[in-house]
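Architecture at a glance
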Amino acid sequence: MSFFKDALSIFKKSELIFIERVKESAGVYSFLFKKDQDLTWKPGQHGLFTITHKKIKNSTKPLTVASTPSEDVVKVTTKIGDNPSDFKSALLELEAGMKVSMSGPVGSFYLKEEGPALFIAADIGITPFRALVKQIEAEQTNSNKVKLLYLDSQNGHIYKEDFKNVDVEFLTTKEKLLQEVDAFTEQHKDNGQYFIAGPKAEVNMLAEHLKSNHVSKRSIKKDVFMGY
Ligand SMILES: Cc1cc2nc3c(=O)[nH]c(=O)nc-3n(C[C@H](O)[C@H](O)[C@H](O)COP(=O)(O)OP(=O)(O)OC[C@H]3O[C@@H](n4cnc5c(N)ncnc54)[C@H](O)[C@@H]3O)c2cc1C
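Another aspect to go through is the domain arrangement of the protein chain. Along its sequence, the protein chain is organised into domain 1 (2–106) and domain 2 (117–224). Using C-alpha coordinates to define each centre, domain 1 is positioned 23 Å away from domain 2. Every contact between the two is made by 16 residues of domain 1 and, on the other side, 13 residues of domain 2. Summing the contributions of domain 1 and of domain 2, the shared interface buries around 1,200 Å²; its carbon and sulfur component is 58%. On the domain 1 side of the contact with domain 2, P43, A66 and K79 bury the most area, a combined 33% of that side's loss. At the boundary of domain 1 with domain 2, the tally comes to two salt bridges. With a closest N to O distance of 2.8 Å, D123 and K79 form a salt bridge. For the pair domain 1 and domain 2, the number of links is five residue pairs in polar contact (both at pLDDT 80 or more). Of all the secondary-structure elements, those providing two or more residues to the side of domain 1 that touches domain 2 are strand 1 (13–25), strand 2 (28–34) and strand 5 (73–79). The leading source of residues in the side of domain 1 that touches domain 2 is strand 5, at four residues. Of the residues belonging to the side of domain 1 that touches domain 2, the class tally is four nonpolar, eight polar and four charged.

Reading guide: rules and limits
Residues numbered from 1 in each chain as written. Predicted model: local features only at pLDDT ≥ 70, side-chain atom pairs only at ≥ 80, totals over all residues. Heavy atoms only, no water. Domains from an automatic or database assignment. Contact = heavy atoms within 4.5 Å. Buried area = accessible area lost by both parts, 1.4 Å probe. Salt bridge = Lys/Arg side-chain N within 4 Å of Asp/Glu carboxyl O. Polar contact = N/O pair within 3.5 Å; in protein donor to acceptor, adjacent residues only side chain to side chain. Helix = DSSP H or I, 4+ residues; strand = E, 2+ residues; numbered from the N terminus. Nonpolar A, V, L, I, M, F, W, Y, C, P; charged D, E, K, R; others polar.

Quick look at the structure:
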């Protein structure tokens, strides 16, 4: 039943009013939008965001909603380099009161059960974990059983304030990340839930590493950020 509900939510379309842009670190920006009363999502899910204030090619991209519904705001965070795509240039043009549209929420990258969980973020793949951590904090469940490993080789970790109350490691090397992963799998083996998000190469490498540590495929959820 939940599968069909999740699948059908792709047809829900919301107009979101832009509030403000916040610089999180070098080349990383959050965009905040007003939340419609009837819009909701499960922390960890993403929406399909469409630029509507001008005509551009590839006007729709999936972006994770990094906030929780109880924060009453739709927050997305993305990397924007010196040579941005038309989509990201258009995001940078938004001024308060302008609109984008969002279809969704979409995806199954959310917590279904309590118990030990390892959250592994590679680079901008941190976005769903902000929402998941906020949910756990608000519901006061699971927090002592969740560990967040956040790899950013540029040491530009964002959302640090949001992760004050969670067991988190801010990492800069793959070697250290794999050591931490091994420590968790050694303790929890296949009884844990494993969530990995970020660019395709990192996510797939980490999933393979977990499998080589005897974590079964069904215990691993992946959010692959195509486009990085
Ligand atoms: C489930 C899911 C969740 C995701 N969540 C997030 C998220 O939370 N945050 C996030 O940032 N991304 C997320 N993504 C990825 C996102 O959808 C984009 O693919 C990604 O942000 C790259 O977007 P882009 O517009 O820069 O990409 P592309 O259009 O692929 O551009 C890539 C690069 O190509 C160059 N380029 C492209 N067009 C032009 C142009 N017209 N002129 C000059 N240069 C150009 C630029 O250098 C640009 O940076 C998610 C993807 C999925 C599938």
